[in-house]
Amino acid sequence: MTVIGLFFGTQTGNTAAAAEQIQQEFGGESVVTLIDVAEAEPADFKPYDCLMIGCPTWNIGEMQSDWEGLYDELEAVNFAGKKVAYFGSGDQVGYADNFQDALGILEERISALGGQTVGQWPTDGYDFNASKAVKNGKFVGLALDEENQPELTESRIKAWVSQLKLVFGIH
Ligand SMILES: Cc1cc2nc3c(=O)[nH]c(=O)nc-3n(C[C@H](O)[C@H](O)[C@H](O)COP(=O)(O)O)c2cc1C
């Protein structure tokens, strides 16, 4: 078993591609296991003390549909003692009033179930009106925008992962 479980949902592939890049940055399959939420159930979260949650925002402020389907069932997971990092895909221009809302929705739910949020990310360099993913002036996790800032994705992932390696205790 690997150290980190990365659970992602995706509609058009952007969040899946980010998940793969994040896995590579951490050192590959021996460190991070990728799990598509379309095939996940609550018991799958149990083995991991370190989790990453990847979810794009869809339909104006909603979670991607596979996360939507799992949302109620998350209640069966004990997140106490787990460090949880979040990342998402969104469109800050097209959906400026709901940028990355899904991240905020999931973070609130999983925190209420005992998860410890790690990997917060600054809002500098983004331009949007409102987001449920902003808490105390920061995004609750890494915000990616393939529509408007695809050239920044790689460097954002590298910076975020290097910060998380320390938090997760991975060298
Ligand atoms: C109909 C539609 C609704 C969307 N709604 C939002 C939204 O409310 N907030 C946001 O940040 N992005 C929104 N997006 C942008 C997607 O999150 C973005 O395209 C993302 O990269 C998709 O990720 P995926 O390929 O992993 O599914 C929307 C896109 C479409 C086509």
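Residues numbered from 1 in each chain as written. Predicted model: local features only at pLDDT ≥ 70, side-chain atom pairs only at ≥ 80, totals over all residues. Heavy atoms only, no water.

We now examine the overall build of the protein. When helices and strands are counted, the protein shows four helices and eleven strands. Over its C-alpha atoms the protein spans a radius of gyration of 14 Å, differing by no more than 12% from the 16 Å that the globule rule assigns to 171 residues. Seen along its three principal axes, the alpha-carbon backbone of the protein occupies a region of about 40 × 35 × 30 Å. Across the 171 residues that make up the protein, the buried fraction comes to 51%. (Helix = DSSP H or I, 4+ residues; strand = E, 2+ residues; numbered from the N terminus. Rg over C-alpha atoms; globule rule 2.2 N^0.38 Å. Buried < 20%, exposed > 50% of the residue type's maximum accessible area, 1.4 Å probe, protein only.)

Next up on the list: the pattern of salt bridges. Under the defined criterion, the tally for this structure stands at two salt bridges. The partner of lysine 135 in a salt bridge is glutamate 107, with the nearest N and O atoms 2.9 Å apart. Here the residue lysine 135 occupies a position in strand β9 (residues 134-135), and glutamate 107 occupies one in helix α3 (residues 101-112), the gap between them amounting to 28 residues. For lysine 135, a relative accessible area of 42% puts it in the partly exposed group. (Salt bridge = Lys/Arg side-chain N within 4 Å of Asp/Glu carboxyl O.)

For the rest of this paragraph, the subject is the packing of aromatic side chains. The relation between two aromatic rings is expressed through the spacing of the ring centres and the mutual angle of the planes. In the structure shown here, the tally under the stated rule is ten aromatic pairs. Consider the rings of phenylalanine 99 and tyrosine 126, whose centres lie 6.1 Å apart with planes at 45 degrees: the pair is tilted. Note that phenylalanine 99 is positioned in the loop between β6 (83-89) and α3 and tyrosine 126 in the loop between β8 (121-122) and β9, a separation of 27 residues in sequence. Each member of the pair, phenylalanine 99 as well as tyrosine 126, carries the same accessibility label: buried. An aromatic cluster is built from Phe7, Phe45, Tyr48 and Phe79, whose rings are joined through pairwise contacts. The aromatic ring of tyrosine 71 is capped on one face by arginine 109, whose charged end is 4.7 Å from the ring centroid. (Phe/Tyr/Trp six-rings, centres within 6.5 Å; stacked < 30°, edge-to-face > 60°. Lys NZ or Arg CZ within 6 Å of the ring centre and 35° of its normal.)

Another aspect to go through is the site of the ligand. The immediate surroundings of the ligand are formed by 20 residues, with Thr10, Gln11, Thr12, Thr15 and Thr57 found nearest. Between asparagine 14 and the ligand, the recorded distance is 2.8 Å, taken from a side-chain N or O atom to an oxygen atom. Relative to its free-state accessible area of 650 Å², the ligand is covered by the protein chains to the extent of 87%. In the shell around the ligand, the residues fall into five nonpolar, 13 polar and two charged. (Near = heavy atom within 4 Å. Polar contact = N/O pair within 3.5 Å; in protein donor to acceptor, adjacent residues only side chain to side chain. Areas by Shrake-Rupley, 256 points an atom, 1.4 Å probe, with all protein chains shown as cover. Nonpolar A, V, L, I, M, F, W, Y, C, P; charged D, E, K, R; others polar.)

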